[in-house]
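Read off the chains here:
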Amino acid sequence: MANPITNRYDFIYIFDVRNGNPNGDPDAGNAPRTDPETGHGFVSDVCLKRKIRNFICLAKGAANGSPAEGYDIYVKEGSILQGRRKEKLELAGDSAKSIEARRKIMCDHFFDVRMFGGVLSTGTGEHMKLNCGQVRGPVQLTFATSADPIVPLEQSVTRMAVETEREAKDQEKRQEEGARTMGRKSIVPYALYCAHGYISPHFAAQTGFSEEDLGLLKQSLAMMFEHDRSAARGQMAPQVCIAFRHDSALGNAPAHKLFERVVVERTSPEKPPRSYADYKVTVDESNLPAGVTIERWL
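Bear in mind the structure is a predicted one, so any value in this text is a computation, not a measurement. (Residues numbered from 1 in each chain as written. Predicted model: local features only at pLDDT ≥ 70, side-chain atom pairs only at ≥ 80, totals over all residues. Heavy atoms only, no water.)

*Asks:* Help me understand the overall build of the chain in this model?
*Replies:* The helix and strand inventory of the chain stands at 8 helices and 14 strands. C-alpha atoms of the chain, sized along the principal axes, occupy 70 × 60 × 35 Å. Taken across its 298 residues, the chain has 42% of its residues classed as buried. The long-range share in the chain, meaning contacts at least 24 apart out of those at least 6 apart in sequence, stands at 73%. For the chain, the computed accessible surface area is about 15,600 Å², with 50% contributed by carbon and sulfur atoms. Between the mean site of the 39 positive side-chain charges and the mean site of the 39 negative ones, the chain shows a separation of 2 Å. (Helix = DSSP H or I, 4+ residues; strand = E, 2+ residues; numbered from the N terminus. Buried < 20%, exposed > 50% of the residue type's maximum accessible area, 1.4 Å probe, protein only. Contact = heavy atoms within 4.5 Å. Areas by Shrake-Rupley, 256 points an atom, 1.4 Å probe, with all protein chains shown as cover. Lys, Arg positive; Asp, Glu negative; His and termini not counted. Charge placed at Lys NZ, Arg CZ, Asp CG, Glu CD.)

Structure below.
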């Protein structure tokens, strides 16, 4: 793999959703995730990482089973993780004797391990030979939080087909009574979400996360929603991604102070927002700390 990155980055990723459910909560009937105290919406970091992984599968060929070298995806839907490790370690043969060697093999083969890290130490007994330790990934994402409180709406939809014969008989009875089988669908009319991201060159040195990998991450942030369309998610789109690049590996300013320079404001506070045009995103570029530059990834 190429040489790992040497600069620290902190970035803000802003995206929106219209008439959709960006991340349902299975503990709440799959309704949009919300903060019960403030009413603000959430999108989990796991949800965003899943979309990034799915894009990498498409961009690097992993979706058809033949990924580009070094760009396979470890955490795939329905995959057996022990089997994924076993496959790569058997190919390595005698070079996979130590945990450190096995960890390096995983980072070299799997892009998401090299980027996000992972716990690769599960298993006991015979499976201990598949122990690859734990990897601290250089790229970390926070939960995305909506700029304003959201108002989830539950919409009724008509079911025209049923799953079982029993449901069919029940539906026939309802139709005789002049009723139809109904379903429910939760949506957010509009919301603008903001997530924070961090990229550590120290952990990149351990996993091999390179400038080429960083370029692929930027591409995924711009394109991942384009290949994740569904009726349930409505219209989701990236809007802004502001990155603060540090000249040093340790960093030249605290991340939270840099993030305070990015301000999201409503253009018409008297009416509910229904598009990105109802917001204004400004970045204070004056008197930046020495060694910090601003990059616009979107």
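On we go from here.
*Asks:* Any chance you could explain the packing of aromatic side chains here in plain terms?
*Replies:* To describe a pair of aromatic rings, one takes the distance between the centres and the angle between the planes. Applying the stated criterion across every chain, the model contains 9 aromatic pairs. When the centroid spacing of 5.5 Å and the interplanar angle of 45° are considered together, the rings of F15 and F225 count as tilted. With F15 in strand β1 (residues 9-20) and F225 in the loop between α7 (211-223) and β11 (235-246), this residue pair connects regions lying 210 residues apart in the sequence. Residue F15 shares its accessibility class with F225, and that shared class is buried. Above the ring of Y71, the side-chain terminus of K60 is found at 4.6 Å from the ring centroid. The cationic tip of R114 hangs over the ring face of Y71; the distance from NZ or CZ to the ring centre is 5.2 Å. (Phe/Tyr/Trp six-rings, centres within 6.5 Å; stacked < 30°, edge-to-face > 60°. Lys NZ or Arg CZ within 6 Å of the ring centre and 35° of its normal.)

*Asks:* Got a minute to help me understand empty space enclosed by the protein in this structure?
*Replies:* Remark: the empty space left among the atoms is shown by a probe the size of a water molecule rolled over them. The tally for this structure, following the rule as stated, stands at 1 cavity of 30 Å³ or more. Every residue lining the largest cavity is listed: F225, D228, R229, S230, R233, G234 and M236. Here the lining of the largest cavity is composed, by residue class, of 2 nonpolar, 2 polar and 3 charged. (1 Å grid on protein atoms, 1.4 Å probe; cavity = no way out; pocket = protein on both sides within 12 Å on 5 of 7 lines; lining within 4 Å. Points joined across faces, edges and corners; volume = space filled by probe spheres on them. Nonpolar A, V, L, I, M, F, W, Y, C, P; charged D, E, K, R; others polar.)

As far as function goes, none of this settles anything; it's purely spatial.
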